[in-house]
Structure formats: C-alpha cells, structure tokens
Amino acid sequence: MIFGVDYYPEHWDGSEWKKQAALMREAGFNTVRMGEFAWKLFEKNEGEFDFSFMDEAIEVLSAEGIKVILGTPTAAPPKWLVNKYDILMRDKYGRPRGWGSRREACANNPHYTEKSKIIVSKMAEHYKDNPNIIAWQIDNEFGCHNSTRCYCDHCRNAFSTWLEEKYKTVENLNEKWGTVFWSLQYDSFDDIILPGYNSCEGDWGNAQSHNPGLDLEYRRFASESWVNYQNMQIDILKNYTDLPVTHNLMGHFSDIDYRKLSKNLDFVSWDNYPETQWGGSEYEYVSMAHEIMRGVKNKNFVVMEEQAGPAGWDVLGKTPRPGQLRLWTYQAIAHGCEGIVYFRFRTALFGMEQYWYGVLDHDGVPRRRYYEIKKTGEELRGIEKYIVNAENKYDALIVKSYDNVWGHDIKRHSAGYNYENHLYSFYKANARLNVNTAVSDGDYGKYKVVYMPAYNIISDDEAEKIKDYVRGGGVLVLTFRSGTRDMFNNVRPLSVPGVFADIAGIEVDEFDAPKREVAIKGEITGTASIWCDIIKPHTAEIISRYDGEYYKGRAAVTVNGLGKGKVYYVGCGLDDPAMEALVRNIFAAADIPVIKSPGGVEIVKRGKNAFVLNHNEYEVSVPLTGKSLLSGQSFGGNMEPFGVDFIELSFK
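First, a word on scope: everything that follows refers to the structure included in this document. Quick caveat: nothing in here was measured; it's all calculated off a predicted structure. (Residues numbered from 1 in each chain as written. Predicted model: local features only at pLDDT ≥ 70, side-chain atom pairs only at ≥ 80, totals over all residues. Heavy atoms only, no water.)

### Things to note about the overall build of the protein
Heads up, the rule is: Put simply, DSSP marks the helices as runs of H or I at least four residues long and the strands as runs of E at least two long, and each gets a number from the N terminus on. Between the two quantities, the radius of gyration covers C-alpha atoms and the globule rule is 2.2 Å times the number of residues to the power 0.38. Between buried and exposed lies partly exposed: a residue is buried under 20% and exposed over 50% of the maximum accessible area for its type, with that area taken using a 1.4 Å probe on protein chains only. Throughout, a residue-residue contact means that at least one pair of heavy atoms, one from each residue, lies within 4.5 Å. Surface accessibility in these figures is a Shrake-Rupley result with a 1.4 Å probe; residues are shielded only by whichever protein chains are displayed.
Scanning the protein from terminus to terminus reveals 17 helices and 32 strands. In terms of overall size, the protein behaves like a compact globule, its C-alpha atoms giving a radius of gyration of 26 Å where 652 residues would be expected to give roughly 26 Å. Taking the principal axes of its C-alpha atoms as reference, the protein extends roughly 75 × 75 × 40 Å. Out of the 652 residues belonging to the protein, those deemed buried represent 60%. Looking at the protein alone, contacts between residues at least 24 apart form 70% of all its contacts between residues at least 6 apart. For the protein, the exposed surface amounts to about 25,600 Å²; the carbon and sulfur share of it is 48%.

Dropping the structure here:
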C-alpha cells in the first residue's frame, strides 16, 4: 500500500535531498507526492521547458526505494503567464482575483486552458517512461479559496452556449425559469447574464438575489467547467501513459459536484486536516468526510494530504496530541482508505505555509511526530492484507445531492438552516450507534435504510425509483423541506411534502421557522428547532407531537407503511438526544444491530473484524472481546487515550 509523504524538493538546497530521502526511508515511506506547484520551475519563460531539477529529485528518492505521484502544476500559474495573458478570474463584482497566491485562473479562459494543455503535455511526454512514477495527480484542490465560480466574459459566453445546448430555444428557457417574474425574459441566449452583483443585493451580502433557475444552472455550469478542465488533463496524460490518475479532493467541500469530478479518475484522493487554526472537527464529521470520499466512486481511496503537525497560515493550530496522528490514520483506514500520504515532510521556512507543520519541524530534526508516524507505518504493513481492496459493508445510506446543496444555499428557508449540517446530524447519530453508514448517491437497493434529508430538488424519475425502493422493503427517512422543487429550482404546485406526500402518508398543513426551541413528546422526546412542519397524517402513524407553540399536540414525526417498507417523516430539526432516539427507532424497524460503546469511541465494522478508535484524551473500557490483529494478543477492552485497535469481532 501507499505509505508516503508530500515533498517539495524545490524548497530545499539540492545538498539536503539525500539526507531527507534517507530519513523518509527510515520512516518507512515508500511514496512521495510532488510537483503540483512547480510550473515556474518547469517553464521559466513561455515555451522554455526544463525538468532537470525534478529528474534529479526523482533519482535521489529512487535510490532510497521511494516512488513518486507526480502533480500537474496548473494550480499555480507563473507571473509571465499573467503578464502576457489576462487569465484571472473575476469575482461577482467584476474585480480581478489578483495574482500572488494560487487558484486565480479561470477554467473557461482560453489562454489558461491552452497553456495548461502545453505544460501537461510536455510533462507527460517527458515522464511517460520513467519507472519511478506510479501515478499522476491533476492540479491541486479544485475550487479551494472560493475559486469555483468566475464572473468574467469568457464564463458568460461559455454559459450562454451551455444553456443553448441544454434548452435549445430561449423561449423554453424563459418558460422553465419563470423569467416572466419581474420582466426578466431573455430575447436571445446572447442576453444571458451571470448571477453576479445586482441592485437587490443591498447590504445582506450573502442573500441570493437572482432568478433561482439562473443561479442553480450557473452553479451546475461552473462545476462542470472544472470537470471539463480536469478531463482535458486526464485525456492528455492517458495519451502518454497507462498510469492511474487522481485529484486531491476536499471532503465536505461542495462547490463542485464531486461525483462528476471523480467519474474519469482512476481513484479518489483527498486532503484531511482534522485540526487547523480555524478550529477542530468532531470525529464523526471527519468520518463522514472519509465516507463522502469513498462514496463519490463507491471505491476505496487514498488520503493525499494527512495532517502531520499543527496547521495554520498566520497562527498555529492545535498540536496533535501523542497518539493522535496514529488515530487519524486508522480512522481513515477504517472508512475505506488504502493509502496514506502525510503533509508535508519538512515544514517550509518561507511562504504562506510556514506555520503548516509537517512530519519534521523547520530544523529537520526527527522528533515525536516522526517516530509516531514511523510506528504507524510498521503496524500498517502488518495488516496490509486487511486494508488493500477490502470492502466495508453498509447497512445505511445518506444521500448527498450537490443540486440540493446549491438549491438550499440559494433558498435557505430559515435563518440558521444548513443542508450539509442537516445531513451531518443524521450521520453523527448513526456513528454514535456504530452503524456503518455510506454517503453516496442513489443506488438504494444495497441498503436497509436510506436517509434523504431535505431532498427538495428531485426529478420525477428519481421519485419513482425511491417509491419502488420502499415498496420492495426499504426504510426511507425524509425530513422537512423535501420534494417540493423541480430540476429548474421552481416550486411544484403540490401540497407539502410534494412528490413524497403519498408515500409519507401525510400532508403538511403549514410550517413555522421558530425563533426558540419547541418541545416534542412521544416515542421521541426532545426539542425541535430551525423548522417545524405542522403535519396532518392521512395513513401515517404519529411517533411524536409538538408540546409547544400554537401547534401543540400536532404531529412532528410520523411513520407510514408502504408495501413491504416504511417511510419516516421528520418534520423538524432535532437536538442530538432526540436524533439518536429517532435512529434507534429506525434501526429497530430495519433490524439493524447497534454496538454500544463509551462516548467518543468509534467502532467501524469491516467484515468479521472491527476497528476500535478512542477519540478521547482519557482511557476507556470498550465492551468488546476478540483477538487484536495489531498485537496478536486478546483485546481486553481497555484503551489508552487516542488508542486504536483492530480486532476479530465478537461481543461480550
């Protein structure tokens, strides 16, 4: 398996390379990822190519038995390119996104795309027969720094063409978008605007003030622009080599449709930073990110940047505690990772990321983090057969829709509502009950339970597919703000919950966006917030009722039998205890066993084995017994702070 480190030989004098490579070998690293920001070194001036420094670095690493994942450098265009050609993105106010960092170029700019084709072609031609290169990485973190959507003339022209290909006639577009509202009809596709700054934005800043159909389609178009830009690079590489190609994605990031971005990649990789200067993530949130990355292709993945030290740009983030780097590594492995690359080998002495610490500090001296990672690599080699090509079995699925990410951002329904946080609330409850839960698209039949929180934008075909899943014996979980919009982001002329009303066996009389918590009572007791659907059951049974506001006594949560299956409808946002009670109810109905564990302990089942991960800073006792595949000894249940084990699973 890949056990590696991100490396930037251009940051160090060549006299340092052999020493650094030797330390990598001693740590057990067999792979480095490098080259993704080196365009200026590869092409000092336009048309002048020189790969000698990278050739030498590859040879130095090869002497220590270390292979290379080589990055195309298009995330960081050199100044000569900006000086000669206007490749800069424009923000929604029409201002250029200035050069001086990275990711400032537009995917639809012909100068940028043409120069990208040239540098990628030259690299591919130069390295096509190099036996030390094992894979390619396209670019770096598409979309980071709010760089997905550009508002330049190149994008406007390309968007106009894209819409004409989709809608055929401007009359059809006007009808589908409802541009008659506010007299916004277009006379031709040349009239199409981008959803940038306009007179209604006012002082609200993040208020979406354009036609919702225009806004949604532009997000789809912008996402597709980067998919096309990536596919251009993939096609070039595949003309020269059969080596696998990847891109380093960013977990929960949703400005780009990651399923479409990943379609033509040979494998998915991503960059995982649980603790940075901007705060730490709950362990369940990190686990969900791993599952999103596994789910975009429903295949195992590689972590291309795994945090190796305190991480920050202008201030330092929290230093990983003893055992935490090992824990984060095994957390990734548990959720489908089969290769790990730590960021970075030695901390940079200059540039923006001086405080983004790597395996080694600025002085290059091996210390605690280095030896912890080395030990982790030794352990992983002992269980590699359980990792590579292994499959987790999933009882439940959370459906993440990028159309719905964008649609809920455009129309947020209620102050404080966030679609992705809504999805996470369900994942978190499942994770705390240690039920393996996938996050992917609509291959529903493989799962006993399918969660579709706030699945609002939905096609008629998918609605029928969902109904068939339930009739065949599946358990479906719906929530407020579901089923009421078509694919053009228009509201359907149906009673809420729209296309789901018949299978949910309910009708929503009205709804409220309460400014304070509302109690609920019944099989599930707790508090509701953010949104409250006031439900009128038809064939559904009431699970819980509101115990406050003018809708006291009205249904809040229901369940309806349909064919061999069930449909749960959750009409409100639930607090954590109520959400956990709800999913226990759901798992009981679906005959899914849960595994009890202390708070902060994650148990991830893999076949007959299980990873046990203690995310606490203190020792815990876990009620499981079995043989440890890490130590070869019996697992006694006691786990040290940030402890990890991998056991042949059996219950006490």
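We are not done yet, so read on.
### Section: unusual backbone geometry
A cis geometry characterises the amide bond from F343 onward to R344, with omega recorded as -25°. Even without a glycine there, the phi angle at H413 is positive, about 70°. Tracing the backbone through its elements, the reader meets H413 in the loop between α13 (402–410) and α14 (419–432). The exposure class assigned to H413 is partly exposed, which follows from its relative accessible area of 25%. Of note, the phi angle at I530 is positive, near 70°, even though the residue is not glycine. Along the chain, I530 falls in strand β20 (residues 526–537). Residue I530 is classed as partly exposed on the basis of its relative accessible area of 26%.

### With respect to the side chain of N616
Selection criterion: We define a polar contact as two N or O atoms separated by no more than 3.5 Å, with the added condition that, inside protein, one atom must be a possible hydrogen donor and the other a possible acceptor, whereas residues neighbouring each other in sequence contribute only through side-chain atom pairs.
Counting through the fold element by element, N616 comes out in the loop between β26 (609–614) and β27 (620–621). At 2.9 Å, the side chain of N616 and the side chain of N614 are in polar contact. There is a polar contact of 3.2 Å between the side chain of N616 and the side chain of Y618. In contact with N616, other than residues within four places in its own chain, are G599, G600, V601, P641 and F642.

### Digging into the packing of helix α1 (residues 14–27) against helix α3 (residues 52–63)
Test applied: Simply put, an axis is a line fit to the C-alpha atoms, just over the touching stretch for a helix, and the angle between two N-to-C directions goes from 0 to 180 degrees. Angle categories are assigned with fixed cut-offs, so that under 35 degrees is roughly parallel, over 145 is roughly antiparallel, 65 to 115 is roughly perpendicular, and the rest are oblique. Each helix crossing is assigned a hand: it is left-handed if the near helix lies turned anticlockwise from the far helix by less than a right angle, otherwise right-handed if that turn is clockwise. Put simply, Ala, Val, Leu, Ile, Met, Phe, Trp, Tyr, Cys and Pro go in the nonpolar bin, Asp, Glu, Lys and Arg in the charged bin, and everything else, Gly too, in the polar bin.
Taken N-terminus to C-terminus, the directions of α1 and α3 make an angle of 40°; their axes are 9 Å apart at the nearest point. Classified by the angle their axes make, α1 and α3 are oblique. The handedness of the crossing between α1 and α3 is right-handed. Contacts between α1 and α3 involve W17, K18, A21 and M24 on the former and, on the latter, F53, E56, A57, V60 and L61. Tallied by class, residues from the contact of α1 with α3 come to seven nonpolar, no polar and two charged.

### A closer look at helix α11 (residues 324–334)
Counting buried positions along α11 gives 11 out of 11 residues, so the element sits mostly inside the fold. Every buried residue of α11 is listed here: Q324, L325, R326, L327, W328, T329, Y330, Q331, A332, I333 and A334.

### So, the packing of aromatic side chains
Short version of the rule: Pairing of aromatic rings covers Phe, Tyr and the six-membered ring of Trp, with a centre-to-centre limit of 6.5 Å; geometry is then stacked below 30 degrees between planes, edge-to-face above 60, and tilted otherwise. A positively charged side chain is recorded as over a ring if its NZ (Lys) or CZ (Arg) lies within 6 Å of the ring centre. The angle to the ring normal must also be within 35 degrees.
Per the stated rule, a full pass over the model turns up 40 aromatic pairs. Consider the rings of F51 and Y127, whose centres lie 5.9 Å apart with planes at 75°: the pair is edge-to-face. Of this pair, F51 sits in the loop between β4 (48–49) and α3 while Y127 sits in helix α5 (residues 110–127), and the two are 76 residues apart along the sequence. For the pair Y151 and Y218, a centre-to-centre distance of 5.7 Å together with 35° between the ring planes defines the contact as tilted. Here the residue Y151 occupies a position in the loop between β6 (133–137) and α6 (153–167), and Y218 occupies one in helix α8 (residues 212–240), the gap between them amounting to 67 residues. Residue class for Y151 comes out partly exposed when judged on its relative accessible area of 21%. Look at Y218 and you get buried, because its relative accessible area is 1%. Pairwise contacts between aromatic rings join Y8, Y273, W278, W313, F343 and W356 into one cluster. Sitting over the face of the ring of W226, R103 holds its NZ or CZ atom 5.1 Å from the ring centroid. Here R481 stacks its cationic end above the ring of F511, 5.0 Å away from the centre of that ring.

### Examining the nonpolar core
Where a protein is soluble and globular, its nonpolar side chains tend to be buried together. Keep this limit in mind: Nonpolar core, defined: a set of buried Ala, Val, Leu, Ile, Met, Phe, Trp, Tyr and Cys residues in which side-chain atoms within 4.5 Å join the residues together.
The biggest cluster of nonpolar side chains holds 173 residues, and the ones touching the most others in it are F29, Y258, Y451 and L582. For this core, the element with the most residues is α8, which contributes eight residues. Those residues within four positions of F29 in sequence are excluded, and the remaining contacts are F3, G4, V5, M24, I66, Y342, F345, V359 and I373. The next biggest cluster of nonpolar side chains, apart from the first, holds 20 residues, and it includes Y167, L173, F189 and A222.

### Notes on the packing of α6 against α8
Remark: α6 packs on α8, axes separated minimally by 11 Å, with the N-to-C direction vectors making an angle of 105°. Viewed along their axes, α6 and α8 adopt a mutual orientation that is roughly perpendicular. For the pair α6 and α8, the contacting residues are C155, A158, F159, W162, L163, K166 and Y167 in the first and L214, E217, Y218, R220, F221 and E224 in the second. Grouping the constituent residues of the contact of α6 with α8 by class yields nine nonpolar, no polar and four charged.

### Thoughts on the pattern of salt bridges
We apply this condition: The rule for a salt bridge is simple: a side-chain nitrogen of Lys or Arg has to be within 4 Å of a carboxyl oxygen of Asp or Glu.
Counted by the stated rule, this structure contains 40 salt bridges. R367 is the partner of D363 in a salt bridge, and the nearest nitrogen-oxygen pair spans 2.8 Å. Accessibility expressed as a relative area gives 41% for D363, which makes it partly exposed. Residue class for R367 comes out partly exposed when judged on its relative accessible area of 39%. Note that D547 and K552 form a salt bridge whose closest N and O atoms lie 3.9 Å from each other.

### What about a nonpolar patch on the surface?
As a reminder of what qualifies: Only residues whose relative accessible area exceeds 30% and that form no salt bridge are eligible for patches; like-charged ones are grouped when within 9 Å, while nonpolar side chains (Val, Leu, Ile, Met, Phe, Trp, Tyr) are grouped when within 5 Å.
On the surface, V180, F181, W182 and L184 cluster together into a nonpolar patch covering about 480 Å² of accessible area. Note on placement: W182 falls in the loop between α7 (170–177) and α8.

### Focus on α5
The condition is simple: Take the number of residues in a helix, subtract one, and multiply by 1.5 Å to get its expected span. The directions from the helix axis to the C-beta atoms form the arc being described.
With 18 residues, α5 extends 26 Å from end C-alpha to end C-alpha; this agrees with the ideal 26 Å at 1.5 Å per step. Taken as a whole, α5 has its buried residues at Y112, T113, K115, S116, I119, V120, M123, A124 and Y127. Here the buried residues of α5 occupy an arc of 165° about the axis, which is enough to place them on one side.

### Overview of the pairing of β26
The line we're drawing: DSSP bridges decide pairing: two strands pair if at least two such bridges lie between them.
Counting buried residues along β26, six of its six residues qualify, which places the element largely inside the surrounding structure. Along β26, one buried face is formed by N609, F611 and L613 and the opposite face, lined by A610, V612 and N614, is buried too. Pairing analysis gives six bridges linking strand β25 (residues 601–606) to β26, with the strands arranged antiparallel. By the bridge assignment, E602 is partnered in β26 with L613. If you look at the hairpin formed by β25 and β26, you'll find two residues sitting between the two strands, and G607 has a positive phi there, around 60°. Bridge count between β26 and strand β31 (residues 644–648): five bridges; the pairing is antiparallel. In the strand pairing of β31, A610 is matched with I647.

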